2 protein chains.
Amino acid sequence: MLDFEFCNPTKILFGRGTVAKLDGEIPSSARVLILYGGESARRAGTLDEVIQALGEREIHEFGGIEANPTFETLMDAVELVRREKIDFLLAVGGGSVIDGVKFVAAAVSYEGDPWELVESGGKDIGSAVSFGSVLTLSATGSEMNSISVISRKETQAKLAFASPHVFPQFSILDPSKTFTLPARQVANGIVDAFSHVIEQYLTYPVEARVQDRFAEGLMQTLIEIAPKAMEEPPDYDARANLMWVATLALNGLIGAGVPQDWASHRIGHELTALYSIDHARTLAVVMPSLLNVCRGTKKAKLLQYGERIWNITEGEDDERIDKAITKSRGFFEEVGLKTRMSDYDLGPEAIDDVLRQLETHDMVVMGERDDITLDVSRRILEGAL
Amino acid sequence: MLDFEFCNPTKILFGRGTVAKLDGEIPSSARVLILYGGESARRAGTLDEVIQALGEREIHEFGGIEANPTFETLMDAVELVRREKIDFLLAVGGGSVIDGVKFVAAAVSYEGDPWELVESGGKDIGSAVSFGSVLTLSATGSEMNSISVISRKETQAKLAFASPHVFPQFSILDPSKTFTLPARQVANGIVDAFSHVIEQYLTYPVEARVQDRFAEGLMQTLIEIAPKAMEEPPDYDARANLMWVATLALNGLIGAGVPQDWASHRIGHELTALYSIDHARTLAVVMPSLLNVCRGTKKAKLLQYGERIWNITEGEDDERIDKAITKSRGFFEEVGLKTRMSDYDLGPEAIDDVLRQLETHDMVVMGERDDITLDVSRRILEGAL
């Protein structure tokens, strides 16, 4: 097992009706800014419920945070927070809204250009406004971690930062709040959570047996519940399991003490930034090809994955790895996510553009062994056409 | 899945050489009291290493905390903390020392009789002195939870309390610090951790799929590593896995959103208080019998446990449950813990004494369905003779 530090102070309030608990989690004198995405939060009734739970507190609202939250939009929220002397932020939405709120929280008291906080990967963050979240979409795990991904329209950049200052103080996880989601978003969430596990699991063995078992347990659960989680009318238990799996897939626990990859995410971020493809869909495209290209260095874990997740125990190693990758691709396709660049109208000409962006963002050595160079990224993209 | 709240703010610093990180975790102006058990902490060199890491800070020491820490001993530490105006406590030891420090931390500023804090189950705890731990024994999980078990010699009581005020601020987990442990304590730790999982897992199904998979992952890991964890010379990775499993077995995570039993622990506590049998050994005695007596209400989970942990897939339900219980008993015996009261020189005459103590401590309805009455406890003890 590798050495690690782990600390995750976010309080989770899980279950039906937990929005009412907001009152006990936010200081009664707080000046609260509620941040959300589109109007679905209002239509579904969640915004009203939140406002009711906040009672007599002074409330401001900021809507319109995009699916890939942009620096440009968020800076308007930063101005609002400064102007109105807001002292508590409340994200109502999915990972994009929560990611956006993390940026706002960190930017408010920063004296330089807040984009530096993103470019520095979060290292320059010295403090943040307190914030919590009401989760309405299971996918990114942002509700219980200190990571945020922000896009900048101006430069077509999509970059991640992390800081211990941006853990949510609490997150309200009421699975019934996901009942009104379109099927596309539920499917994206399943693949996003699955991919988060893969990034922290499919590397090389370091005798981290618990982390492996936990990662496998998350993937097994996702595979078991996926069909039911997508059914209408929505099934509470399936959505509850999806919600808790997605949270645990990226709250630091399964990644503690193990090597991590994240190259699929980085390449995927460029595809989203350049071509506006849903985040999860970029992962469905990149990851099967990456596993194939990196089958040598990932061999031991690919065999373990095949055996424990897909029950592949027969055949030569390469044959078993082929099957495991095919199964993964099949799982993504079954929940409705296409896994080829051509499915999103992208041909070979896109590859140079993606590579150029990777180079611009200094993503020239990636992966758990720092061996995914631009040349390897090219082969991954070629294999994903 | 049941509704739940989960929050665990303890910072874990895991790996070789992490004692040196103490300096960064404790305020440099702190007046520190180091609390420990026997002289093994000094002989193994851990105390010296801790003192060196604390540098120029004012340090006091309090040794002699027992394997089942007593109110009587701990009150001496409380007096010392008050007298010397200590503002940071550092536990160096296993679960008993950490449990003891939790009591001391909570008792210092309590104005009534501190035993009330234990008797109230922790409800009366309003604040606690900050504390951290350097773990030297993998077993109880106390290093990352808010639970403590304290004994009182005067009344032969052994009672648990819990409070969000007594989470360790940090815990240093260096697996190599367990290398000097006697085999008996390593074996006890394995069974203790395994039993913690069982208490939170072997109840009834509530569609908490992740919690089940995580619980199963912890048990599978314990079974896999047990032989190697007991080997001499000690194997780092086996001890590292044991340490992390034991921590995760009782840090609140696998118990969130599921029913919990804990009757084996409560009955076991009486056996320890009355007859000074090691905690883990009482669990090895009580648990197989409890599973047998409660096989009706625990049926679905016993079958799942048998199948997923012991690969028992053939035969009638009762036959499969028999096998699963036999396998559990066998596992305890294989690591060296006897599983019958007679192995500890206890006969039928002990049963009435245990039941009387259970009644005194108001343990008259226990288990996940509140159906373990004194009569059921009698049958469990009779089955454990």
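Fair warning: this is a prediction, and the values are worked out from it, not measured in the lab. For every chain, the first residue of the written sequence is number 1, and numbering continues from 1 along that sequence. Naming scheme: in the order in which they are written, chains are lettered from A and ligands are numbered from 1. The predicted nature of this model means local features are confined to residues of pLDDT at least 70 and side-chain atom pairs, given and counted, to a pLDDT of 80 or more, with totals for whole chains, interfaces and linings taken over all residues.

Peer 1: Any chance you could explain the interface of chain A and chain B here in plain terms?
Peer 2: Interface size, as often reported, equals the accessible area lost upon joining of the parts. Residue pairs are scored as contacts if the distance between their C-beta atoms, which are placed from the backbone, is within 7 Å. Listed by partner, the interface residues are 31 residues for chain A and 31 residues for chain B. The helix count covers DSSP runs of H or I at least four residues long, the strand count covers runs of E at least two residues long, and both are numbered beginning at the N terminus. For the side of chain A that touches chain B, the elements supplying multiple residues, two or more each, are β1 (4-14), α8 (209-229) and α9 (236-248) of chain A. By residue number, the principal contributor to the side of chain A that touches chain B is α8 of chain A, which donates 10 residues. Residue classes follow a fixed rule: Ala, Val, Leu, Ile, Met, Phe, Trp, Tyr, Cys and Pro count as nonpolar, while Asp, Glu, Lys and Arg count as charged, and any other residue, Gly among them, counts as polar. Considered class by class, the residues forming the side of chain A that touches chain B number 16 nonpolar, six polar and nine charged. Bridge count for β1 of chain A against strand β1 (residues 4-14) of chain B is seven bridges, and the pairing is antiparallel. Its bridge partner lying in β1 of chain B, Glu-5 of chain A is registered against Leu-13 of chain B. At least two bridges found by DSSP between two strands are what make those strands a pair.

Peer 1: Explain the packing of helix α11 (residues 279-293) of chain B against helix α13 (residues 317-334) of chain B to me, please; I cannot follow it from the model alone.
Peer 2: Helix packing geometry: the angle between the two helix axes and the distance between the axes. Residue and element names in this part refer to chain B. Fitted lines through C-alpha atoms serve as axes, helices being fitted only where they are in contact, and the angles separating the N-to-C directions of these axes extend from 0 to 180 degrees. The interhelical angle for the contact between α11 and α13, taken along N-to-C directions, is 175 degrees, at an axis separation of 10 Å. By the angle between their directions, the pair α11 and α13 is classed as roughly antiparallel. Counting all contacts with α11, which are made through Ala-284, Pro-288, Leu-291 and Asn-292, the residues of α13 involved are Ile-325, Ser-328, Arg-329 and Phe-332. A breakdown of the residues in the contact of α11 with α13 according to their chemical character gives five nonpolar, two polar and one charged. With respect to orientation, any angle under 35 degrees is reported as roughly parallel, any angle over 145 as roughly antiparallel, any angle of 65 to 115 as roughly perpendicular, and every other angle as oblique.

Peer 1: Help me understand the nonpolar core, please; the structure alone is not making it clear to me.
Peer 2: Inside soluble globular proteins, nonpolar side chains tend to come together where they are buried. Core analysis: the largest hydrophobic core is formed by 265 residues, its most contacted members being Leu-35, Leu-89, Leu-90 and Val-104 of chain A together with Leu-35, Leu-89 and Val-104 of chain B. In this view, Val-104 of chain A contacts Leu-74, Ala-77, Val-78, Val-81 and Leu-89 of chain A; residues no more than four positions away in its chain are not counted. The term nonpolar core refers to a group of buried residues, namely Ala, Val, Leu, Ile, Met, Phe, Trp, Tyr and Cys, whose C-beta atoms join them within 7 Å. Counting other C-beta atoms within 10 Å of a residue's own tells you its class, since 20 or more makes it buried, 12 or fewer makes it exposed, and anything in between is partly exposed; those C-beta atoms are placed from the backbone.

Peer 1: In this structure, what is going on with the pairing of strand β4 (residues 88-93) of chain A? I would like to understand it.
Peer 2: Here is the key point about a regular strand: its side chains alternate between the two faces of the sheet. Residues and elements named next belong to chain A. A large share of β4 lies buried, amounting to six of its six residues. Both faces of β4 are covered, namely the face carrying Phe-88, Leu-90 and Val-92 and the face carrying Leu-89, Ala-91 and Gly-93. Strand direction decides the pairing type here: strand β2 (residues 31-36) and β4, joined by five bridges, are parallel. Within the sheet, the bridge partner assigned to Ile-34 lies in β4 and is Leu-90. Inspection of the sheet shows β4 paired to strand β5 (residues 131-135) by five bridges, in the parallel sense. Bridge pairing in β5 links Val-92 to Val-134.

Peer 1: What should I look at first to understand the packing of helix α10 (residues 263-275) of chain B against helix α14 (residues 349-360) of chain B in this one?
Peer 2: All names here are of chain B. Interaxial distance between α10 and α14 falls to 10 Å at its minimum, and their mutual angle equals 115 degrees. For the element pair α10 / α14, the angle class is roughly perpendicular. At the point where α10 passes α14, the crossing takes the right-handed sense. Judged by residue contacts, Ile-267, Glu-270, Leu-271, Ala-273 and Leu-274 of α10 engage Asp-353, Val-354, Gln-357 and Leu-358 from α14. The class makeup of the residues in the contact of α10 with α14 is six nonpolar, one polar and two charged. Left-handed is the label given to a crossing in which the near helix is rotated counterclockwise from the far helix by less than a right angle, and right-handed is the label when the rotation is clockwise.

Peer 1: Please clarify how the pairing of strand β6 (residues 147-152) of chain B should be interpreted in this entry.
Peer 2: Residues and elements named next belong to chain B. Extensive coverage of β6 is indicated by the burial of five of its six residues. Looking at chain direction, β6 and strand β7 (residues 157-162) are connected through six bridges and run antiparallel. For Arg-152, the partnering residue across the bridge sits in β7 and is Ala-157. If you look at the hairpin formed by β6 and β7, you'll find four residues sitting between the two strands, and Gln-156 has a positive phi there, around 50 degrees.

Peer 1: How should I be thinking about the confidence of the model for chain A in this particular structure?
Peer 2: Confidence of the predictor in every single residue is expressed as pLDDT, which spans 0 to 100. Model confidence for chain A is summarised by a mean pLDDT of 97, while 100% of its residues fall at 70 or above. Complex prediction metrics read pTM 0.98 and ipTM 0.97.

Peer 1: When you look at helix α3 (residues 46-54) of chain B in this model, what are you seeing that I'm missing?
Peer 2: Residues spaced three or four apart along an α-helix point in a common direction, a consequence of the helix completing one turn every 3.6 residues. Residues and elements named next belong to chain B. Restricting attention to buried positions, one finds in α3 the residues Thr-46, Val-50, Ala-53 and Leu-54. Considered in projection along α3, the buried side chains sweep an arc of 100 degrees and stay on one side of the axis. Exposed and facing more than 90 degrees away from the buried side of α3 are Asp-48 and Gln-52. Of the residues trailing α3, Gly-55 is marked for its positive phi of about 60 degrees. The reported arc concerns the directions from the helix axis to the C-beta atoms and nothing else.

Peer 1: Even after reading the chapter, I still don't get the domain arrangement of chain A, so can you show me in this structure?
Peer 2: Residues and elements named next belong to chain A. Domain annotation for chain A reports domain 1 (11-177) and domain 2 (182-383). A separation of 26 Å is found between the C-alpha centroids of domain 1 and domain 2. Every contact between the two is made by 18 residues of domain 1 and, on the other side, 23 residues of domain 2. No other element matches the three residues that strand β7 (residues 157-162) contributes to the side of domain 1 that touches domain 2. Here the residues of the side of domain 1 that touches domain 2 are counted per class, giving eight nonpolar, eight polar and two charged. A domain assignment, automatic or from a database, supplies the domain bounds used here.

Peer 1: What exactly am I supposed to notice about the relation of the copies chain A and chain B here?
Peer 2: Superposing chain A onto chain B requires a rotation of 180 degrees together with a translation of 0.0 Å along the rotation axis, leaving an RMSD of 0.0 Å. Taken together, the rotation angle and the small translation identify this as a two-fold axis. Minimal C-alpha distance to the rotation axis in chain A is attained by Pro-9 of chain A, lying at 2.0 Å. The residues that chain A uses at the interface reappear at the interface of chain B in 100% of cases, marking a shared surface. When the copies are superposed, the least-squares fit draws on C-alpha atoms of residues that have pLDDT of at least 70 in both.

Peer 1: Any chance you could explain the sheet that holds β1 of chain A here in plain terms?
Peer 2: Think of a sheet as strands paired side by side through backbone hydrogen bonds, with each pair either parallel or antiparallel. Pairing is mixed across the open sheet formed by 12 strands, whose spatial order is β3(A)-β2(A)-β4(A)-β5(A)-β8(A)-β1(A)-β1(B)-β8(B)-β5(B)-β4(B)-β2(B)-β3(B). On the outer flanks of this sheet lie β3 (58-62) of chain A together with β3 (58-62) of chain B, each paired with one strand and no other. Averaged over all pairs of adjacent strands, the angle between their axes in this sheet comes to 25 degrees, without regard to strand direction. Note: β2 of chain A against β3 of chain A, five bridges, orientation parallel. Bridging across to β3 of chain A, Leu-33 of chain A finds its partner in His-60 of chain A.

Peer 1: What am I meant to see in the environment of Ala-105 of chain B here?
Peer 2: All names here are of chain B. Within the fold, Ala-105 resides in helix α5 (residues 95-107). Sequence separation between Ala-105 and His-279 is 174 residues; the distance between their C-alpha atoms is 23 Å. Residue contacts for Ala-105: discarding those within four places in its chain leaves Leu-89, Ala-128, Val-129, Phe-131 and Val-166.

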